[in-house]
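Observations on the three-dimensional arrangement
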Amino acid sequence: QKKVLPVELALAEGVIQKPGQPGSAFSVITFGSKSTTLLKSGVQASEVVATIRDIGLGQQGDEYLSAQLYDALNLAFGQFNDNTGLNSLLIITEGNDGRGKMFKEAVTRARKLQVICNVAMVANHTLYGSKSIQRYGFYLRELAGKTRGRYIEVGNRPKNVPRSIDRLSESILDQYRR
């Protein structure tokens, strides 16, 4: 977690700043080392970036795995209205999404709210073995696909961030063009 947090934060900051769509509103939700928390809701990019820069590393708890990921997704879905505007969710995570029932509920809720989920997996899964992505990112990859979003593997190296920002930003901007 210590190694990937700077990559996660740089990725979040870059994706927020890159598209530059006027009138866009953002929310920031953190999870993992602390309980799932809505830090900011419905604010402009500059305020989100300031909030992202204040996020620090906490202590990893027993409930670190997928339960908190799905708590964060539910909190995020609660930020969207049942309107016809663009609803895009960027999920930056290390994975740990091993709860199938919660995944099905997340897909159903995302589709109902017409939320396009873009997922960035930030971790070095080679440490877990060659099949780790099937274990640690399987449901997230499927969530992106079922909501017309994009799934990318960022890895844990800062050098991968600029290309990942470009790929995710382009995916989000493409949603505006549809």
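Above this text you will find the structure in question.
Throughout what follows, the structure given in this document is the object of discussion. A quick note: this is a predicted structure, and the numbers were derived from the prediction, not measured.

**Examining the overall build of the chain**
Scanning the chain from terminus to terminus reveals seven helices and five strands. Going from the N terminus to the C terminus, the chain shows its helices and strands as α-β-β-α-α-β-α-β-α-α-β-α. Across the chain, the fraction of contacts at a sequence separation of at least 24, relative to all contacts at a separation of at least 6, is 76%. For the chain, the exposed area adds up to about 9700 Å²; of that, 48% sits on carbon and sulfur atoms.

**A word on the nonpolar core**
One finds L11, A120, V122 and V154 to be the most contacted residues of the largest nonpolar core, which totals 22 residues. Among the elements of the structure, α1 (5–17), α2 (45–53) and α7 (161–177) are those that each provide at least two residues to this core. It is α1 that contributes the most residues to this core, seven residues altogether. Not counting chain neighbours up to four residues away, the residues in contact with A120 comprise L11, I91, I92, T93, I152, V154 and L168. Formed by 21 residues, the second largest nonpolar core is a distinct cluster that contains F103, M121, L140 and L143.

**Considerations on the packing of α1 against α2**
Across the interface, α1 lies against α2 with an axial gap of 10 Å and an inter-helix angle of 175°. With respect to their mutual orientation, α1 and α2 come out roughly antiparallel. For the pair α1 and α2, contact is made by L9, A12, E13, I16 and Q17 and by A45, V48, V49, I52 and R53, respectively. Considered class by class, the residues forming the contact of α1 with α2 number seven nonpolar, one polar and two charged.

**Quick notes on unusual backbone geometry**
Located in the positive-phi region is Q114, a residue other than glycine, with phi close to 55°. The residue Q114 is located in the loop between α4 (100–113) and β4 (115–121) in this model. In this model, R148 sits at a positive phi of 65°, which is unusual for a non-glycine residue. The topology assignment puts R148 in the loop between α6 (138–146) and β5 (151–153).

**Some remarks on the environment of Y151**
With respect to the secondary-structure elements, Y151 resides in strand β5. Judged by its relative accessible area of 13%, Y151 is buried. Considered as a pair, Y151 and N118 are 33 residues apart in the sequence and their alpha carbons are 5.9 Å apart. A polar contact of 2.8 Å, which involves the side chain of Y151, links it to the side chain of E153.

**Looking at the environment of D71**
One can find D71 in helix α3 (residues 66–77). A relative accessible area of 39% places D71 in the partly exposed class. Separated by 35 residues in sequence, D71 and A106 place their C-alpha atoms 9.9 Å apart.

**Some points on the sheet that holds β5**
Across the sheet, three strands lie side by side as β3-β4-β5; this open sheet has parallel pairing. Two strands close off the open sheet at either side, each with one partner strand: β3 (87–93) and β5. Each adjacent strand pair in this sheet contributes to an overall mean axis angle of 15°, direction not counted. Sheet topology places β4 next to β5; three bridges connect them, and they run parallel. Bridge pairing in β5 links A120 to I152. Here α1 sits on the sheet in contact with β3 and β4, set at roughly 160° to β3. Sitting on the sheet, α6 is in contact with β3, β4 and β5, with an inclination near 145° to β4.

Parameters and conventions
Residues numbered from 1 in each chain as written. Predicted model: local features only at pLDDT ≥ 70, side-chain atom pairs only at ≥ 80, totals over all residues. Heavy atoms only, no water. Helix = DSSP H or I, 4+ residues; strand = E, 2+ residues; numbered from the N terminus. Contact = heavy atoms within 4.5 Å. Areas by Shrake-Rupley, 256 points an atom, 1.4 Å probe, with all protein chains shown as cover. Core = buried A, V, L, I, M, F, W, Y, C linked by side-chain atoms within 4.5 Å. Buried < 20%, exposed > 50% of the residue type's maximum accessible area, 1.4 Å probe, protein only. Axes fitted to C-alpha atoms, helices over the stretch in contact; angles between N-to-C directions. Parallel < 35°, antiparallel > 145°, perpendicular 65-115°, else oblique. Nonpolar A, V, L, I, M, F, W, Y, C, P; charged D, E, K, R; others polar. Polar contact = N/O pair within 3.5 Å; in protein donor to acceptor, adjacent residues only side chain to side chain. Pairing = 2+ DSSP bridges.

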